[in-house]
Amino acid sequence: MTAARPTTTVRHALVVATQCPAAKQHLSTLVTRAEELHGLLTDPEIGACVPSDPDGGPALRSGKVTARQVEDAVRAAARRANEAGAELVLAFLGHGQTPMGNATLYYMADNTLAGDAGSSVEVGKLIADAGDLPGVKGVITLIDTCHAGAGVPDTRALAGGFALGNNRHSLLMAAAAHQNAYDLDFSRELALLLRHGVLGRGEFLRAATLKLELTKPSRIVKQNCENLDRDGDPDAVEELWVALNVRRPTWTPGRHIGDFGSEDLREALAAWPGHPALVGGWNHQALRALREQAEASESPGALRVRQVADGLLQAGTTVDMVHAWAGRALTTPALRSVAADLNAAYEAADPSFDPLRPPKRTEGTDLLRYILEHAALRVFATAKPVGRLARAVAAIADRCRLDPDDERVDAWAGSVDGVVELSDAVARQAALRQDGTWRLVISLHTARIDWPESLSVWLRDGERGEHHEEFPCEPTRAGVERLFPEIIAWAWKKVPGGARLRNIDVVVPAPLMLTWEPEKASDGQYALGAGHTVVLRWAGRLAVPGYLAGMNERGRDRLKELDERPGDDRAPVDWLADGDTRDTGALTKSLRWGAYDRAIGLDHRPPHLTELVEMLLTYTPILLWPRTDADVDGRGRECLDAYWERLPDQFIEAYRRRWRAEVGGPARPARPADEHLVGLAGIRAAWHDLEWLDFCRWFEQQPPTHQRSA
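Report follows, based on the coordinates. (Residues numbered from 1 in each chain as written. Predicted model: local features only at pLDDT ≥ 70, side-chain atom pairs only at ≥ 80, totals over all residues. Heavy atoms only, no water.)

## Let's talk about the sheet that holds strand E12 (residues 438–443)
Next up, step 1: The 5 strands are arranged E14-E13-E12-E15-E16 in an open sheet whose pairing can be described as mixed. Of all the strands in the sheet, the pair left with one neighbour each is strand E14 (464–472) and strand E16 (533–538). If you compare each strand with its neighbour and ignore which way they point, the axes differ by 20 degrees on average.
Next up, step 2: Across 6 bridges, the pairing between strand E15 (residues 503–508) and E16 is parallel. Bridging from a neighbouring strand, valine 508 pairs with tryptophan 538 of E16.
Next up, step 3: Helix-sheet contacts for helix H16 (residues 484–494) involve E12, strand E13 (454–461), E14 and E15, and the interaxial angle to E13 is about 30 degrees. (Pairing = 2+ DSSP bridges. Helix = DSSP H or I, 4+ residues; strand = E, 2+ residues; numbered from the N terminus. Axes fitted to C-alpha atoms, helices over the stretch in contact; angles between N-to-C directions. Contact = heavy atoms within 4.5 Å.)

## Some remarks on the nonpolar core
Next up, step 1: Counting residues in hydrophobic clusters, the biggest one holds 78 residues, and the most contacted among them are Leu440, Leu455, Leu624 and Phe651.
Next up, step 2: Other than its neighbours up to four places away in sequence, leucine 455 contacts Ile442, Ser443, Leu444, Glu469, Glu470, Phe471, Cys473, Val480, Leu483, Phe484 and Ile487.
Next up, step 3: Listed in part, the 67 residues of the second largest apolar core include Leu14, Val123, Ala130 and Val242. (Core = buried A, V, L, I, M, F, W, Y, C linked by side-chain atoms within 4.5 Å. Buried < 20%, exposed > 50% of the residue type's maximum accessible area, 1.4 Å probe, protein only.)

## Points about the packing of aromatic side chains
Next up, step 1: As enumerated under the stated definition, the model contains 13 aromatic pairs in all.
Next up, step 2: Relative to tryptophan 516, the ring of tryptophan 451 lies with its centre 5.0 Å away and its plane at 75 degrees, an arrangement referred to as edge-to-face. Of the two residues, tryptophan 451 is situated in the loop between E12 and E13 and tryptophan 516 in the loop between helix H17 (510–513) and helix H18 (528–531); the sequence distance between them amounts to 65 residues. Both residues of the pair, tryptophan 451 and tryptophan 516, count as buried.
Next up, step 3: Note on tryptophan 644 and tryptophan 687: the rings are 5.1 Å apart at their centroids and 50 degrees apart in plane angle, and the pair reads as tilted. Of this pair, tryptophan 644 sits in the loop between helix H24 (634–643) and helix H25 (649–663) while tryptophan 687 sits in strand E20 (residues 683–687), and the two are 43 residues apart along the sequence.
Next up, step 4: The rings of Trp458, Trp692, Phe695, Trp698 and Phe699 are connected pair by pair, giving a single aromatic cluster.
Next up, step 5: For the cation-ring pair, lysine 222 lies above tyrosine 182, with the distance from its terminal atom to the ring centre recorded as 5.6 Å.
Next up, step 6: The ring of phenylalanine 695 carries arginine 460 above its face, with NZ or CZ at 5.4 Å from the centroid. (Phe/Tyr/Trp six-rings, centres within 6.5 Å; stacked < 30°, edge-to-face > 60°. Lys NZ or Arg CZ within 6 Å of the ring centre and 35° of its normal.)

## Quick look at the pairing of strand E19 (residues 622–626)
Next up, step 1: Of all the 5 residues making up E19, 5 are buried; the element is thus mostly covered by neighbouring parts of the structure.
Next up, step 2: Here E19 shows two buried faces, one formed by Ile622, Leu624 and Pro626 and the other by Leu623 and Trp625.
Next up, step 3: You can see the chain leave strand E18 (residues 599–602), run along helix H23 (residues 609–616) and come back into E19, and the turn it takes is right-handed.
Next up, step 4: Sheet topology places E19 next to E20; 5 bridges connect them, and they run antiparallel. (Right-handed = clockwise from strand over helix to strand, strands pointing away.)

## Side note on the environment of threonine 66
Next up, step 1: With respect to the element layout, threonine 66 can be found in the loop between strand E2 (50–51) and helix H2 (67–84).
Next up, step 2: With a relative accessible area of 24%, threonine 66 lands in the partly exposed category.
Next up, step 3: Distance in space between the C-alpha atoms of threonine 66 and asparagine 111 is 5.5 Å, their sequence separation being 45 residues.
Next up, step 4: In this structure threonine 66 touches Ala109, Asp110 and Asn111, once residues within four positions along its chain are discounted.

## Considerations on the side chain of aspartate 603
Next up, step 1: Relative to the assigned elements, aspartate 603 resides in the loop between E18 and H23.
Next up, step 2: Take aspartate 603: its relative accessible area is 2%, and that puts it in the buried class.
Next up, step 3: Looking at aspartate 603, its side chain comes within polar contact range of the side chain of histidine 604, at 2.7 Å.
Next up, step 4: Excluding residues that lie within four positions of it along the chain, aspartate 603 makes contacts with Val221, Lys222, Trp575, Leu576, Ala577, Asp578, Pro626, Asp631, Val632 and Arg637. (Polar contact = N/O pair within 3.5 Å; in protein donor to acceptor, adjacent residues only side chain to side chain.)

## Digging into the packing of helix H7 (residues 259–270) against helix H9 (residues 302–326)
Next up, step 1: Two numbers describe how H7 lies on H9: the axes approach to 9 Å, and their chain directions differ by 160 degrees. Taken together, the axis directions place H7 and H9 in an arrangement best described as roughly antiparallel. At the point where H7 passes H9, the crossing takes the left-handed sense. For the pair H7 and H9, contact is made by Gly261, Asp264, Leu265, Ala268 and Leu269 and by Arg304, Val305, Val308 and Leu312, respectively.
Next up, step 2: Its residues assigned to classes, the contact of H7 with H9 shows 6 nonpolar, 1 polar and 2 charged. (Parallel < 35°, antiparallel > 145°, perpendicular 65-115°, else oblique. Left-handed = near helix turned anticlockwise from the far one by under 90°. Nonpolar A, V, L, I, M, F, W, Y, C, P; charged D, E, K, R; others polar.)

## Comments concerning the environment of glutamate 239
Next up, step 1: As for its placement among the helices and strands, glutamate 239 is situated in the loop between strand E10 (226–231) and strand E11 (243–244).
Next up, step 2: Distance in space between the C-alpha atoms of glutamate 239 and arginine 658 is 50 Å, their sequence separation being 419 residues.
Next up, step 3: In this structure, glutamate 239 is in contact with Arg168 and Arg206, ignoring residues within four places of it in sequence.
Next up, step 4: At 3.4 Å, the side chain of glutamate 239 and the side chain of arginine 206 are in polar contact.

## Side note on H7
Next up, step 1: Between its first and last C-alpha, H7 extends 17 Å over 12 residues, near the 16 Å set by a 1.5 Å rise per residue.
Next up, step 2: Against the buried residues of H7 lie helix H8 (284–296), H9 and helix H11 (364–377). (Expected span 1.5 Å × (residues − 1).)

## A word on the sheet that holds strand E5 (residues 106–108)
By way of backbone hydrogen bonds, the strands of a sheet pair with one another, either parallel or antiparallel.
Next up, step 1: Taken in spatial order, the 3 strands line up as E4-E5-E6 in an open sheet, and their pairing is antiparallel. Of all strands in the sheet, those with a lone pairing partner are strand E4 (95–97) and strand E6 (121–122), marking the two edges.
Next up, step 2: Across 2 bridges, E5 lies against E6 in antiparallel orientation. Across the sheet, residue tyrosine 106 finds its bridge partner in E6, namely glutamate 122.

## As for unusual backbone geometry
Next up, step 1: The residue after leucine 647, namely proline 648, is reached through a cis peptide bond having omega 10 degrees.
Next up, step 2: Looking at where proline 648 falls in the secondary structure, it is placed in the loop between H24 and H25.
Next up, step 3: Look at histidine 147: it is not a glycine, yet its phi comes out positive at around 60 degrees.
Next up, step 4: Phi angles above zero are rare outside glycine, and aspartate 183 is one such case at about 55 degrees.
Next up, step 5: Structurally, the position occupied by aspartate 183 is in the loop between strand E8 (168–173) and helix H5 (185–196).

Purely geometric numbers; function is a separate question.
Written out as structure tokens, the structure is:
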């Protein structure tokens, strides 16, 4: 995060969030969204506001607030801003209603009745009255309700009033006056933008800038965000803004410290009273001097500063070593894979551990430094940073195909007193690589209609099918599933000694993808997905029909572009809503012109789902759709955002959690990521990564006897 902007602008913030029993839908994430937005608005480096209410106003964000309480709170906030000469940021989250033919927004409080203006809050009037006070330097209003666009104050009130039009307003609204708003998507996406900033948009995030970002297809669909700005103050020197842009080009960390480390160091120093002042950037010498000063101090907070300085020094030394050792073999996609590998290892060791989640925009050396600073600073109280750093170095060696026995690595291990830790990490990584290399492929691609008369099976090592067998079967679901125990036993006999069979690719015709969940079939004793990572692959990409020649190469290009394309912290998915799928002819035209150049997701299950999936699979290597008739809502998308770098493997963990909840059993310890796993379980996927497309290429070069595509 960047350093705080020096500003003399006084800003107050008030966030209101309440359910309404008379509304059609309960907003399950209302309080969470409100607290998140309030935290961002009152962050001195983002919203730069102080809470308008002296106690922070938690009751106003509790989800249970009456209309009178809302009105009193907003008017009191306006009076405080007037006395302080402050700008006032207001946010209304919840439900809204408008009368037929009258574009006036009535905010629905806990005691509001449907169709009753008297028990509602007239938002526009409250906003206009707040801005009419002479000491209020501007009102910035955020509205996340249905019909939010109707919250614009009456123009006569703005042009007149006691201030005679000398007022300033900036509004950002979740939906047009005639539209519904869904699942607080606006608040969720707005929070992401405020937290991570917008590249190339300067120092401030104004309402108009945020509106443009929010209306991108990857963020909010089904509702049209709107903004409106009015400035009647002749003495105004700058436009109103919602937040400081954390991606403004005003400050960068020193060479020896990255964003992750600078945040930890700033927090540690803040807790050390009277800590030494820094002159210049945090380079190696400054960190070492700080560590020595902290070690000599007995004051509270000094121990944590020493620990952070130690971790940052070791992380910086490791960055330098990796650069010299890896050279140009080190790439951003490889480092993202390293991050995913480390997360899996960290989670296996401690499910409650804080995961490694570098912002999507972080690339190159910044990403390397982020990974290593995380390794050095997120350790157990009794552990040393070198153990986690050694694991990161081993993962880098594996992903970049580097020699971990290189003399530079040995020298580094000796310098940080981590020779044994490095040996352990390399051995552990080699075992993981062997387990992950061998994959069992069970293919139904020879099916003439749905179920085949034989299963084609390979045990593949990377892109090559090292062992192959055909298993005749009855052309039914039961006939196919009956063979699974036999196939598993066959594969175990072929796997090299010491390796374990963890991964299974099931190649399925498109129609079966929507009705069959092969991971639920028995492997003889357990469900197939209980002990294996099962991934669905489309049969059409294994045995490509002539009219789709080149499809896999285009898919390969698409995947490489996604890896290399800078982005935000969102999953790179183009979502298709109901309006996008009704006219398949128009959708086909858009697909042919490359309008959807990322993964594609269906947020609903339309009546013609089978036809739609068969078409979309030819245009994207990654296709997502809802498991049931429930739409993929904002929560589901958040889950994809959180786990994208670890998909498709994390799908099976989400499914396992759902199955265990359905059948019962002993309670498992809760983990920070469990909420996201629950949402991920509602999504199905056909996933064709680069390694799978490599296998498809090998298959085309050495086709078996049967090569019919479904």
